[in-house]
Amino acid sequence: MNVFTFSAAFITFFSVVGPPKVLLAFGELAQVHPVSQLRTIALISSGSAVLVGLLTGITAPWLLDVFHISTPALQLAGGVIFFLYAVGLVLGYHLGSDGTHQDAPDLASGLRELLMPYVVSPLAMTAVLIEAAARDSFSWRSTVVGAYVAVIALDLICVLLLARLLRRTHHATIELLGRLLGLLLAAVGVDLVLDGLGDLGVPGLDRY
């Protein structure tokens, strides 16, 4: 984590909250929401996700101090969360969404459906905290936030361009891509756990 560049941070956020995951979440909504409403939901939820990411990334050091959380502890917790989510993704269980879609197809229900898996995604916020806390530098935190915002912007573009297509597909291709992405995310989780254990001084794990 100490040698991350903008591109590496972008790849991490892409795997955590990138188009494969987000298109799958919006694809579920597209089954009950019209295209115009789906685009409005995408705009509002993306703006909210950017706001939450900005606040979390810029204030990461202070948040960790307030809650007395060490970077190794955050790496261990983040690694476990990443791995558990990845296992669910590989097995076809999309954690964070009830998948029922029983609410009326209005704006509020769509935003509520995306609240946990996208707007305040535990995976994304954990990644933002871990990466932003990797270096004690405002310029680095700005780089991390920039990478996160770039991924959210890419998500929004994909949703706006593919909104009509999302209503016509059963998302078999996205499901397959999501499961392949789960394998990558599982490796990220294991790597974070090893990083955390190495920082705690566990013998044999000092890879740097």
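Note that the structure is predicted; figures quoted are calculated from it, not measured. (Residues numbered from 1 in each chain as written. Predicted model: local features only at pLDDT ≥ 70, side-chain atom pairs only at ≥ 80, totals over all residues. Heavy atoms only, no water.)

Undergrad: Explain the side chain of His33 to me, please; I cannot follow it from the model alone.
TA: In this structure, His33 sits in the loop between helix 2 (19–30) and helix 3 (35–58). One polar contact links His33 to Gln37, side chain to side chain, over a distance of 2.6 Å. (Helix = DSSP H or I, 4+ residues; strand = E, 2+ residues; numbered from the N terminus. Polar contact = N/O pair within 3.5 Å; in protein donor to acceptor, adjacent residues only side chain to side chain.)

Undergrad: So what exactly am I meant to see when it comes to the nonpolar core here?
TA: The nonpolar side chains of a soluble globular protein tend to be buried with one another. Phe13, Val17, Phe26, Tyr118 and Tyr148 are the most contacted members of the largest nonpolar core, which has 47 residues in total. In terms of residues, this core owes the most to one element, helix 8 (residues 138–166), which gives eleven residues. (Core = buried A, V, L, I, M, F, W, Y, C linked by side-chain atoms within 4.5 Å. Buried < 20%, exposed > 50% of the residue type's maximum accessible area, 1.4 Å probe, protein only.)

Undergrad: It is not clear to me how the packing of aromatic side chains should be interpreted in this structure. Could you clarify?
TA: We describe a pair of aromatic rings using the distance from one ring centre to the other and the angle between the two ring planes. Counted according to the given criterion, the structure contains four aromatic pairs. The interplanar angle of 25 degrees and the centroid separation of 6.5 Å between the aromatic rings of Phe6 and Phe10 together place this pair among those described as stacked. Taken as a pair, Phe6 and Phe10 lie in helix 1 (residues 6–17) at a separation of four residues, close to a single helical turn. What makes Phe6 partly exposed here is its relative accessible area of 40%. Phe10 gets classed as partly exposed once you look at its relative accessible area, which sits at 24%. Taken together, a centroid distance of 5.9 Å and an interplanar angle of 75 degrees make the contact between Phe26 and Tyr118 edge-to-face. Remark: Tyr118 occurs in helix 6 (residues 107–119) and Phe26 occurs in helix 2; sequence separation between them is 92 residues. Exposure remark for Tyr118: the relative accessible area of 2% places this residue in the buried category. (Phe/Tyr/Trp six-rings, centres within 6.5 Å; stacked < 30°, edge-to-face > 60°.)

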